[in-house]
Amino acid sequence: MRLTIVLIVSLFSGLILAQEGDNVSEKLKAMETRLVNSETRLVNSETRLVNTETRLMDTENKLKDTENRLKDTENRLKDTDNRLMGTDNRLMGTDNRLKESENQILELKNKENKTVIFSAATGGGGNAIGPFNTDTTLIYRTLITNIGAAYSPSTGIFTAPVPGVYYFTIFYHARWSYGTHLRIYKNNELMIWTQDNSSTSDTADNGGNAVFLQLVQGDQVYVQLAASTHVWGSDHHTTFSGFLVTEM
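Throughout what follows, the structure given in this document is the object of discussion. (Residues numbered from 1 in each chain as written. Predicted model: local features only at pLDDT ≥ 70, side-chain atom pairs only at ≥ 80, totals over all residues. Heavy atoms only, no water.)

**Quick look at the pattern of salt bridges**
Pairing between side chains becomes possible if they bear opposite charge and their charged atoms approach one another. Rules: For this analysis, a salt bridge means a side-chain nitrogen from Lys or Arg found within 4 Å of a carboxyl oxygen belonging to Asp or Glu. Each helix is a run of DSSP H or I of at least 4 residues and each strand a run of E of at least 2, with the numbering of both proceeding from the N terminus. Each residue is assigned to one of three classes by its accessible area relative to the maximum for its type, calculated with a 1.4 Å probe on protein chains only: buried under 20%, partly exposed between the two thresholds, exposed over 50%.
Following the criterion strictly, the structure yields two salt bridges and no others. For Lys114, the salt bridge is made with Glu247, and the minimal N-O distance between the two is 3.5 Å. Residue Lys114 is located in the loop between helix 1 (2–113) and strand 1 (117–121), and its partner Glu247 is located in strand 12 (residues 239–247); the two are separated by 133 residues in the primary sequence. Its relative accessible area of 25% is what places Lys114 among the partly exposed residues.

Right under this line is the structure:
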């Protein structure tokens, strides 16, 4: 009886041990399969890592190349800016030279246009002008020359068109017993005069005077006939003349 029990127990234990051995084997196989899968995943991860690092290196190289190209572009841009600045400076210099040339041309043209010469006679048809009760501006109405149009035959006044030194002359002829007294004025300032006293024995006289005057633009020069005196009016006898000697 005891022997039977022992045999039954031994058999049962062997079955249990065999079953546990099978479980262990299955677990071991499962673990090996997981290990293989993990190793495969590790290899894949390492491959992906290598690929990623390779791509990163390529990206870094491309970035460095882009940075180098950017630096080169910036350097070329700076060089272009410097060349552009140099071109601007040359252009400014050319503009200045052009303006200077234009000013010189304009100055030369102005000098050509600043020829000022005039000569005029009183006119009057061979009759006496005066005497008058007051000093009177003598109007020389017959133009002989008026280059520059600085003399006005309607007022008898010469107006300086440019600053400079001018030369003026006056000549007269008188026939009556009245005296003659002519004065050249610059604006309201007496400059020179010429005169002949009245006479009953010497009734025909000629006289004149001349002067250099420094004038500014707009100064006026004219001749006054003194009160109670006269000149002979014609297109040839009594004259007022002047011209620009030099600009100042």
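**Here we look at the pairing of strand 10 (residues 220–225)**
Threshold: Each pair of strands is called paired provided DSSP finds at least two bridges between the two strands.
Most of strand 10 is tucked away, with five of its six residues classed as buried. In this structure, strand 3 (residues 136–137) lies alongside strand 10, joined through two bridges in antiparallel fashion. When the bridges of strand 10 are listed, Thr137 appears paired with Gln224. Bridge count for strand 5 (residues 158–159) against strand 10 is two bridges, and the pairing is antiparallel. Across the sheet, the residue bridging to Thr159 is Gln220, located in strand 10. Judged from the five bridges that link them, strand 7 (residues 180–186) and strand 10 form a sheet pairing that is antiparallel. Note that in strand 10 the partner of Arg183 across the bridge is Gln224.

**Section: the nonpolar core**
We apply this condition: As used here, the term nonpolar core means buried Ala, Val, Leu, Ile, Met, Phe, Trp, Tyr and Cys residues forming a set that is joined through side-chain atoms within 4.5 Å. The contact criterion used throughout is that any non-hydrogen atoms of two residues lie within 4.5 Å.
Ranked by size, the top nonpolar core spans 28 residues in total, and within it Tyr140, Phe158, Tyr166, Phe168, Leu182 and Phe240 carry the most contacts. For this core, the secondary-structure elements that each account for two or more residues are strand 1, strand 6 (164–174), strand 7, strand 9 (205–215), strand 10 and strand 12. A per-element tally of this core places strand 6 first, with five residues. Dropping the residues within four chain positions of it, Leu182 is found in contact with Leu138, Tyr140, Ile170, Tyr172, Ile192, Trp193, Thr194, Val223, Gln224, Leu225 and Val231.

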